[in-house]
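Next come the chains, spelled out residue by residue.
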Amino acid sequence: MKIKFPDGSVKTFEDGMSLFDIAQSISPSLKKKCIVAKVDDRLVDMNTVINKDADVTFITDKDPEALEVLRHSTAHLMAEAVKRLYPHAHFGVGPVIEDGFYYDMDLGDDTLSEHDLVTIEKEMKKIAAQNSDILRSVVSKEEALELFKDDPYKVELINELPEDEDISVYTQAHFRDLCRGPHLPGTKWIKHFKLLSLAGAYWRGDSDNIQLTRVYGTVFFEKEELDDYLHLLEERKKRDHRKLGKELDLFMLSEYGPGFPFWLPNGVVVKKQLLDFWHEVHTKAGYHLIETPIILKRELWEVSGHWKNYRENMYTLDIDEQTFAVKPMNCPGGMLVYKRDIHSYKDFPLKVGELGLVHRHEASGALAGLFRVRNFTQDDAHIFMTEDQIVDEIKALVNLFDYMYSVFGLDYKIELSTRPEEKFIGEIEVWDRSEAALAAALEDLGKPYKINPGDGAFYGPKLDFHIKDSMKRVWQCGTIQLDMNLPERFDLTYIDPHGEKRRPVMLHRALYGSIERFLGILIEHYAGAFPTWMAPVQVMVIPVNNDYHLAYSQALVEKLKQLNIRVKIDDRDEKLGYKIREAQTKKIPYQLVIGDREVESHEVNYRRYGEKDQVAVDQEAFIEMLISEINLKK
Ligand SMILES: [Zn+2]
Ligand SMILES: [Zn+2]
């Protein structure tokens, strides 16, 4: 058989050689490094025997695919350790996730604590040190049912497989698991791991099923990588926006309003900066802004389809014996505003935005600080246009999103989701043209994107923006969605150049998504140390001695106030060091210390948050620098 390698070389081998044999024949050191191999684009175990011509790429611990294999093999190792410690344990599924892996398990009457995770880890270390081979075997469905007859969850999974399917089983020492693979050649690779947390998880995600114990963990090939990751987790904990929200007096939550955040004065200031920035950018970009009511009649939600499809997430109430709903989205109100006028193609593209407060019912167990709330401000906007305006409008939108995210120092990735296989409305040709227009816009801009086939909404294709914060977490915030549904349901029209009525193309787009959630992300992204333009208090003036420096300080504060700078003075009779430290814990961008020298030479002595050095400059120069920094949103 002929084997082709990634460098283009082709070598002849005897049929029936395993990938290990092939690697060995190239070099024994290569064999030692191999984790798995890619054979004609499929990842397989190194023990796999090759019987025909194939393209082969060996995957070593340096390749990204290897990390997933390591993680999944570590999940198996964890299950083996659990089984040794809790022989009655049964296992659900144990997939690889973004930063590691988990395994769901049924431990009968036993419950795990954080302390037990340490015990399981120790057991895992013991097993890994035995350096067992991990071997794949293939069995029939009948044989699989026999092998796993004591494992009810595995039996359920096996029963769902087609009758004639070969089922693979992986064995290491005395532990075996039903698994597609591939896996590491042996447990010796599993060294730098950590079990991280516990959670409850319903079997198959269905709350009617039994709740299993989910154990999360992670693993890396190098110790340094594991240490870095654990450090990052610590940092994320420190930055928890619920903790910082309390310390910085940004917002509060109360048992009297679960999922309905209360905004405190500092939080209102920060939120207002986000909204003002949004207003400014959108007004410049030609958007009209509207406000529509929060409570609207049931009949409207019937027209929009929400009553049928979204009812369980909506709050309803009766007014004068008629049913109303609190809006879960701004769109239907926006449609009514569009219908108020007759529109001409000359008005297009027509961009109408709304920063509307929406309410959505979320299960109480799903609420999580500002990340999952029951009311939030959504920055939706609707763009009405003709089909040949789509590409230019999308380009303008992507540029606008790009600019706004860059101000926050947020990187992002774009995903294009296309027509679902079955549930969709509209003509296939219209879908194809719309998807092509979205792709063309991104290609024109030279923006890389990933396609999610079949992942579009039932009413149209969409672009999703996944932003990455300073803690390397990814959040889906921005979205641009073409909608073939609402214009139809609300019978939206415009007059074309021939005087005929036509249906406009419409899209929804949100950049922050939920302003509350976006703010939660920013609190953690900045660790509460907002850039000056957003900070609740931008400058803290600290006179060294109230007897000599207070008048100058007060005059300075007054001047800054007149320039719309958010400034405070700390004229308490406390020690200077104490006042400086307190301004630091409040993460105020500028602390100005005013002493003799400053008063005499009309200067300020400033220290930027997070920096050690104090800088003495002329008062006017400082004000100029400050205003420029705020205006540039640096
Ligand atoms: Zn597996
Ligand atoms: Zn909308």
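In the block above lies the structure referred to throughout.
Residues numbered from 1 in each chain as written. Chains lettered and ligands numbered in written order. Predicted model: local features only at pLDDT ≥ 70, side-chain atom pairs only at ≥ 80, totals over all residues. Heavy atoms only, no water.

(A) Representation of a negative patch on the surface in the model. Taken together, the side chains of Glu222, Glu224, Glu225 and Asp228 make up a negatively charged region of the molecular surface. Considering the arrangement of structural elements, one finds glutamate 224 in helix H7 (residues 223-238). (Patch = residues over 30% accessible without salt bridge, like charges linked within 9 Å, V, L, I, M, F, W, Y side chains within 5 Å. Areas by Shrake-Rupley, 256 points an atom, 1.4 Å probe, with all protein chains shown as cover. Salt bridge = Lys/Arg side-chain N within 4 Å of Asp/Glu carboxyl O. Lys, Arg positive; Asp, Glu negative; His and termini not counted. Charge placed at Lys NZ, Arg CZ, Asp CG, Glu CD. Helix = DSSP H or I, 4+ residues; strand = E, 2+ residues; numbered from the N terminus.)

(B) Just the side chain of lysine 587, in detail. Position of lysine 587 relative to the elements: it lies in the loop between helix H18 (576-585) and strand S33 (590-594). Despite its burial, lysine 587 remains without a salt bridge, the nearest opposite charge being carried by glutamate 247 at 6.0 Å. One polar contact links the side chain of lysine 587 to the main-chain carbonyl oxygen of alanine 527, over a distance of 3.0 Å. Other than its neighbours up to four places away in sequence, lysine 587 contacts Leu244, Leu248, Ala527, Gly528, Ala529 and Tyr609. (Buried < 20%, exposed > 50% of the residue type's maximum accessible area, 1.4 Å probe, protein only. Polar contact = N/O pair within 3.5 Å; in protein donor to acceptor, adjacent residues only side chain to side chain. Contact = heavy atoms within 4.5 Å.)

(C) The sheet that holds strand S1 (residues 2-4), seen in detail. Taking strand neighbours across the sheet as the criterion, the five strands line up as S2-S1-S7-S4-S5 in an open arrangement whose pairing is mixed. The two strands at the open ends of the sheet, each matched to only one other strand, are strand S2 (10-12) and strand S5 (42-44). Here the strands of the sheet are splayed against their neighbours by 35° on average, with no regard to which way each runs. Taken together, the three bridges between S1 and S2 define a ladder with antiparallel strand orientation. Each residue of the ladder has a partner; that of lysine 2, found in S2, is threonine 12. Running at roughly 80° to strand S7 (residues 54-60), helix H1 (residues 19-26) makes contact with S1, S2, strand S4 (34-39), S5 and S7 of the sheet. In the packing of helix H3 (residues 64-85) onto the sheet, the strands contacted are S4, S5 and S7, and the crossing angle to S4 comes to about 115°. (Pairing = 2+ DSSP bridges. Axes fitted to C-alpha atoms, helices over the stretch in contact; angles between N-to-C directions.)

(D) Representation of the coordination of the zinc ion (ligand 2) in the model. Around the zinc ion (ligand 2), the protein supplies Cys331 (SG), Asp380 (OD), His382 (NE2) and His508 (ND1) as donor atoms, at distances of 2.0 to 2.3 Å. Each of the four donor atoms around the zinc ion (ligand 2) contributes to a set of angles spanning 96 to 138°, which defines the coordination as irregular. When the donor residues of the zinc ion (ligand 2) are listed from N- to C-terminus, their spacing reads C-x48-D-x1-H-x125-H. Placement of aspartate 380 in strand S23 (residues 375-385) and of histidine 508 in strand S30 (residues 505-514) is noted, with a sequence separation of 128 residues between them. Pair check on accessibility: aspartate 380 and histidine 508 agree, each one buried. (Donors = N, O, S within 2.8 Å, 3.2 Å for Na, K, Ca; no water. Tetrahedral: all angles 85-135°; square planar, octahedral: opposite > 155°, others 65-115°.)

(E) Looking closely at the state of the cysteines. Applying the stated rule across the entire model yields zero disulfides. The cysteine cysteine 34 is free of any disulfide, with cysteine 179 supplying the nearest cysteine sulfur at 20 Å. Here cysteine 179 falls in the buried class, since its relative accessible area comes to 11%. (Disulfide = S-S within 2.5 Å.)

(F) Just the nonpolar core, in detail. If you look at the biggest cluster of nonpolar residues, it comprises 74 residues, and the most contacted ones within it are Tyr405, Phe408, Leu463, Tyr512, Phe518 and Met534. When residues in this core are grouped by element, the largest group, nine residues, is from helix H13 (residues 390-407). Apart from the residues within four sequence positions on either side, tyrosine 512 is in contact with Leu274, Phe277, Trp278, Asp379, Met404, Phe408, Cys477 and Phe518. Of all hydrophobic cores here, the second largest spans 37 residues; its members include Met78, Ala81, Leu117 and Ala128. (Core = buried A, V, L, I, M, F, W, Y, C linked by side-chain atoms within 4.5 Å.)

(G) Quick look at the pairing of strand S15 (residues 211-220). Counted residue by residue, S15 has eight buried out of 10 residues, so it is predominantly covered. Here strand S10 (residues 100-106) pairs with S15 via five bridges, running antiparallel. What sits directly across from tyrosine 103, in S15, is valine 215. Note that strand S14 (residues 192-202) and S15 share 10 bridges and pair antiparallel.

(H) Molecular detail of the environment of lysine 472. Locating lysine 472 in the fold gives a position in the loop between strand S26 (462-468) and strand S27 (474-483). Taking C-alpha positions, lysine 472 is 41 Å from arginine 572, a pair spaced 100 residues apart along the chain. In contact with lysine 472, other than residues within four places in its own chain, are Leu232 and Arg236.

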